[in-house]
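Take a look at the letters that make up each chain.
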Amino acid sequence: MQQALEMILSEVNPCDSDGEDLQLQPDSDSELSDQSSDEETASPPKKRACLGTETAKDGTVWREEQVGTCLPFTPIEAYAADGEPTAKARRSISSRLQSFLCFITLDMLRSIQEWTIQHARQTEHVHWFMDLPELMAFIAIVILRGVTRVPSVNDCWSANLGNPQIIGTMARNRFQDIMQHLRFDDKSTRSDRAKTDKFAAISSLWGSFVTNCITCYNPGLHITVDEQLFPSKTQCCFLQYIASKPDKFGIKFWVACDLKSKYICNVFPYLGKDPNRPSGERLSEDVVMRLMEPFLDKGRNVTTDNFFTSLSLAQKLLRRKTTILGTVNKIRREIPQSTRQTDRNEFTTQVFSTSAATLTAYAAKRKRTVYILSSMHSVVQTDNTTKRKPNTVTLYNKTKCGVDVMDQMVREYTVRRGTRRWPVAVFYNMIDMATLNAHVLYQACTGTKERRVDFLVALATELARSHVAAKKARKEQLLRTQPSTPSPGKRATCQVKHKCKKNQATMRCVHCYRYTCGKCRRQIPWQCQDCE
């Protein structure tokens, strides 16, 4: 009997066990049949059964697993909270303007004011000036131009197509004058800074904006990382051409976005080859690690596409208590050769596991296989529908669209306009992102639900309120100082022009102090003294 047991044990494949000690007892056939029937009726997940091992080109050892079995690693504890504003943001936000100033702060506006005045005085007039409320009113008009789309900038002030709110905020010539001189850095030192920083013309302002985005919001469990191409054809050394994008040319930004709220958590531009990146490190891994750096070590998950996803990136993130879920390119060296077969049966799934992640190969169509790499799933199982879709594919489809939806929302009311200066194009993108994040923060801090277009119009009103009030006060002061009647023997031109064009007037309105002709005068009914 002992010799028979040793012969059986020598023929057992270790991949057929579930990690427990094998205990073989020579018992009756009835007991063996009872044990097998109990295993058939056990609830999922199934015991682990290895179908074989395979070594990829880079030396990674993969174990092929049965679908629905427990895999050999335990996932990290997931981040439990939803995305929410930080305590600092909650204390400071009670209005739309305050939420916007969390991202474009007053210090940033003062910096823009300083360098704009400096450029205008060097190129136009030594007494040129722009105060801070006027700069905020300028930004308000930029936002309103994104809400009301007209063919040209002149149409914003036209009688037929113009926006009354824009007309009442600032004169067209003054707006174009500010736009001409708009600057974001000291031009005299830019050439020296540009030797080490291609983004020197706006890097200081951009850095402050990104820091504010990081410190004002705690993202939830799922963060999406992807690229954004901001349309522009300005001449700069880092302009990109991407044939698959609708606008083809533009400035590329790497973006990390909260899945649920579409809040922009972190972003930086692609400026070409980075000399500071360690040699041998992939660009995709460097981008993800830089974007996720403020949010690591908390149990969050990052969703990426096949440009970013790799096994080495999954291992780096796992060491920082962060998981990854994303499609992976089948030509990568760490992918097993057996998964690359093109002729698969439709809706079939193949699962591989390694020490840090699982690889799911799902045939969505007969000759089209999707490869999903995940470090957050310890069990890969299919649903009961016709397509028998794995849970890794289902979750990826739900979490992959964060940046794309954000970009779509930004484009709907974008402030982008044609410009020959790339710093202005970047400033437009900054305004778009700031208004989107401000909308998210305002709703979360105040508990009010508001359409984004209504939020933008109300924000523009709050931005321009101080400048419009000062402009109205100056106008009233000028009207008060003019004489109550014209000089003897002379008549003034009507200043109301409600029902006339150039009528003459000799009397002023008792409320607004403007000269008013007979056609533009309001008729007051005859009243007695008791009803006065």
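This text gives an overview of the structure that appears in the document. Since the structure is predicted, the reported quantities are computational estimates derived from the model, not experimental observations.

Right, let's talk about the overall build of the chain for a bit. Assigned secondary structure in the chain consists of 16 helices and 17 strands. Each principal axis of the C-alpha atoms in the chain carries an extent, and together these give about 135 × 65 × 40 Å. Classification of the 532 residues of the chain by burial places 44% in the buried group. Carbon and sulfur atoms make up 50% of the accessible area of the chain, which amounts to about 29,000 Å² in all.

Once that is clear, we can look at the nonpolar core. One finds Phe 103, Phe 138, Trp 206 and Phe 209 to be the most contacted residues of the largest nonpolar core, which totals 112 residues. No other element matches helix α15 (residues 422–446), which puts 15 residues into this core.

A word on helix α5 (residues 106–123). Given a rise of 1.5 Å per residue, 18 residues ought to cover 26 Å, and the 26 Å separating the end C-alpha atoms of α5 matches this to within 8%. Where the residues of α5 are buried, they touch α4 (96–101), α6 (132–147), α8 (172–181), α10 (203–215) and α15.

Turning next to the pairing of strand β8 (residues 264–269). Most of β8 sits out of view: six of its six residues are buried. Two elements, strand β7 (residues 249–258) and β8, share five bridges in a ladder whose sense is antiparallel. Of the residues in β8, the one forming a bridge with Ala 256 is Asn 266. Counting the residues that bridge the hairpin from β7 to β8 gives five residues, and of these Lys 262 lies at a positive phi of roughly 65 degrees.

Here is what the cut-offs are and how they apply
- Residues numbered from 1 in each chain as written.
- Predicted model: local features only at pLDDT ≥ 70, side-chain atom pairs only at ≥ 80, totals over all residues.
- Heavy atoms only, no water.
- Helix = DSSP H or I, 4+ residues; strand = E, 2+ residues; numbered from the N terminus.
- Buried < 20%, exposed > 50% of the residue type's maximum accessible area, 1.4 Å probe, protein only.
- Areas by Shrake-Rupley, 256 points an atom, 1.4 Å probe, with all protein chains shown as cover.
- Core = buried A, V, L, I, M, F, W, Y, C linked by side-chain atoms within 4.5 Å.
- Expected span 1.5 Å × (residues − 1).
- Contact = heavy atoms within 4.5 Å.
- Pairing = 2+ DSSP bridges.

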